[in-house]
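One letter stands for each residue in the lines below.
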Amino acid sequence: MPHLIAPSLLSADFTRLGDDIEMVNRSEADWFHVDVMDGVFVPNISFGMPVIKAIGKVAKKPLDVHLMIVQPERYFETFRDLGTYCLSIHYEAVTHLHRAVHQIRELGMKAGVVLNPHTPVHVLEDIITDVDLVLLMSVNPGFGGQKFIEGAYGKIEKLKKLVVSAGSSALIEVDGGVDLNNAGKLLAAGADVLVAGNTVFGSSVPAHTISQLKMVGQ
Ligand code: DX5
Ligand code: ZN
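We now turn to the structure provided with this report. Note that this is a predicted model, so its numbers are computed, not measured.

**As for the nonpolar core**
Part 1 of the argument: Within the largest apolar cluster, 69 residues are counted, with the highest numbers of intra-cluster contacts made by Leu-9, Val-34, Leu-159 and Leu-186.
Part 2 of the argument: Broken down by element, this core gets its largest block of residues, 6 residues, from helix H5 (residues 152-166).
Part 3 of the argument: Among residues more than four places away in sequence, those in contact with Leu-9 are Phe-14, Leu-17, Ile-21, Phe-32, His-33, Val-34, Ile-55 and Phe-201.
Part 4 of the argument: Counting residues in hydrophobic clusters, the runner-up holds 12 residues, among them Trp-31, Val-114, Leu-135 and Val-139.

**A look at the sheet that holds strand S7 (residues 171-175)**
Part 1 of the argument: Within the open sheet, the 8 strands sit side by side as S1-S8-S7-S6-S5-S4-S3-S2. Their pairing is parallel. Both edges of this open sheet fall to strand S1 (4-7) and strand S2 (32-37), since each of them pairs with a single strand only. Each strand of the sheet is rotated relative to its neighbour by a mean of 25°, with strand direction disregarded.
Part 2 of the argument: With 5 bridges connecting them, strand S6 (residues 133-137) and S7 associate as parallel partners. Bridging from a neighbouring strand, Val-134 pairs with Ile-172 of S7.
Part 3 of the argument: Running at roughly 145° to strand S5 (residues 110-115), helix H4 (residues 97-106) makes contact with strand S4 (84-90) and S5 of the sheet.
Part 4 of the argument: Packed on one face of the sheet, H5 meets S5, S6 and S7 and runs near 165° to S7.

**As for the pattern of salt bridges**
Part 1 of the argument: Scanning the entire structure with this criterion turns up 7 salt bridges.
Part 2 of the argument: Linking Asp-30 and Lys-214 is a salt bridge whose minimum nitrogen-to-oxygen distance equals 2.8 Å. With Asp-30 in the loop between helix H1 (17-26) and S2 and Lys-214 in helix H8 (residues 206-215), this residue pair connects regions lying 184 residues apart in the sequence.
Part 3 of the argument: Overlapping salt bridges bring together Asp-13, Arg-16 and Asp-20 as one network.

**Things to note about the coordination of the zinc ion (ligand 2)**
Part 1 of the argument: Within the protein, the zinc ion (ligand 2) binds to His-33 (NE2), Asp-35 (OD), His-66 (ND1) and Asp-175 (OD); these donor distances fall in the range 2.0 to 2.3 Å.
Part 2 of the argument: Geometry at the zinc ion (ligand 2) is octahedral, judged from the 6 donor atoms that bind it and their angles of 71 to 170° at the metal.
Part 3 of the argument: Mapped onto the sequence, the residues coordinating the zinc ion (ligand 2) show the spacing H-x1-D-x30-H-x108-D. Placement of the pair is His-33 in strand S2 and His-66 in strand S3 (residues 63-68), with a sequence separation of 33 residues.
Part 4 of the argument: Since its relative accessible area comes to 0%, His-33 is described here as buried.

**Observations regarding the pairing of S2**
Part 1 of the argument: Most of S2 sits inside the fold, with 6 of its 6 residues counted as buried.
Part 2 of the argument: Neither face of S2 is exposed, since Phe-32, Val-34 and Val-36 on one face and His-33, Asp-35 and Met-37 on the opposite face are all buried.
Part 3 of the argument: By the bridge criterion, 6 bridges tie S2 to S3 in an arrangement that is parallel. In the sheet register, Asp-35 faces S3, and the bridge partner there is His-66.

**Comments concerning the site of ligand 1**
Part 1 of the argument: Neighbouring ligand 1 are 20 residues, the closest being Ser-8, Gly-142, Gly-145, Asp-175 and Gly-197.
Part 2 of the argument: Here an oxygen atom of ligand 1 and a backbone polar atom of Gly-145 are 2.8 Å apart.
Part 3 of the argument: Asp-175 places a side-chain nitrogen or oxygen 2.7 Å from an oxygen atom of ligand 1.
Part 4 of the argument: Isolated, ligand 1 exposes 380 Å² of accessible area, and the fraction of that covered by the protein chains is 99%.
Part 5 of the argument: Elements that contribute at least two residues to the shell around ligand 1 include exactly S2, S3 and strand S8 (193-196).
Part 6 of the argument: Top element by residues in the shell around ligand 1 is S2. It accounts for 3 residues.
Part 7 of the argument: Of the residues contributing to the shell around ligand 1, the split by class is 8 nonpolar, 10 polar and 2 charged.

Each value, and the rule that gives it
- Residues numbered from 1 in each chain as written.
- Chains lettered and ligands numbered in written order.
- Predicted model: local features only at pLDDT ≥ 70, side-chain atom pairs only at ≥ 80, totals over all residues.
- Heavy atoms only, no water.
- Core = buried A, V, L, I, M, F, W, Y, C linked by side-chain atoms within 4.5 Å.
- Buried < 20%, exposed > 50% of the residue type's maximum accessible area, 1.4 Å probe, protein only.
- Helix = DSSP H or I, 4+ residues; strand = E, 2+ residues; numbered from the N terminus.
- Contact = heavy atoms within 4.5 Å.
- Pairing = 2+ DSSP bridges.
- Axes fitted to C-alpha atoms, helices over the stretch in contact; angles between N-to-C directions.
- Salt bridge = Lys/Arg side-chain N within 4 Å of Asp/Glu carboxyl O.
- Donors = N, O, S within 2.8 Å, 3.2 Å for Na, K, Ca; no water.
- Tetrahedral: all angles 85-135°; square planar, octahedral: opposite > 155°, others 65-115°.
- Near = heavy atom within 4 Å.
- Polar contact = N/O pair within 3.5 Å; in protein donor to acceptor, adjacent residues only side chain to side chain.
- Areas by Shrake-Rupley, 256 points an atom, 1.4 Å probe, with all protein chains shown as cover.
- Nonpolar A, V, L, I, M, F, W, Y, C, P; charged D, E, K, R; others polar.

As structure tokens, then:
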């Protein structure tokens, strides 16, 4: 499967969000990455339901929603109603992960689990066949434009081994500090989906940067 690119709208220009969404619609990007922060799980607040509803009205590609909030179960139905394709919740934010993942799937969404940089991959051993996606954080969540943490490569390799040995169909997504220099190495390590915020929206021609990310390793 060719790898997927998910531009993170956190780095979009919110004064002209519609234009940035249109750019992604017309680009070679595959998904919209939507970062939801509550100021409790992470030390930042991003945007909430009214904004995501507006995004959903113009976005023509699947919404890949990354919840950085405590007790995410409170909002599963809401995110389904907002048109979420894949809903990812943090391992560190949920006590009953198995139940939560199945609730997401029963609502008709793909279920993703996110690991912070300090959380080892092996904690997913007993749930890897229940999830559709694992999102590995390659920065500490909360902000765009941070420095990539090199330990991510080894985690991707370990996760890839776990996915293959368990016969899981989970995709491996990487989020944080992804750029044109590390994308090739991330894909070679086993990543299937690359999130990119600052690299895309901070570039002079974002659609071209998306094409370049899409072409890496081809
Ligand atoms: C960080 C978010 C990321 C962020 C990535 O908490 O989960 O999705 O937008 O931004 P960059 O690609 O700029 O590191
Ligand atoms: Zn994210």
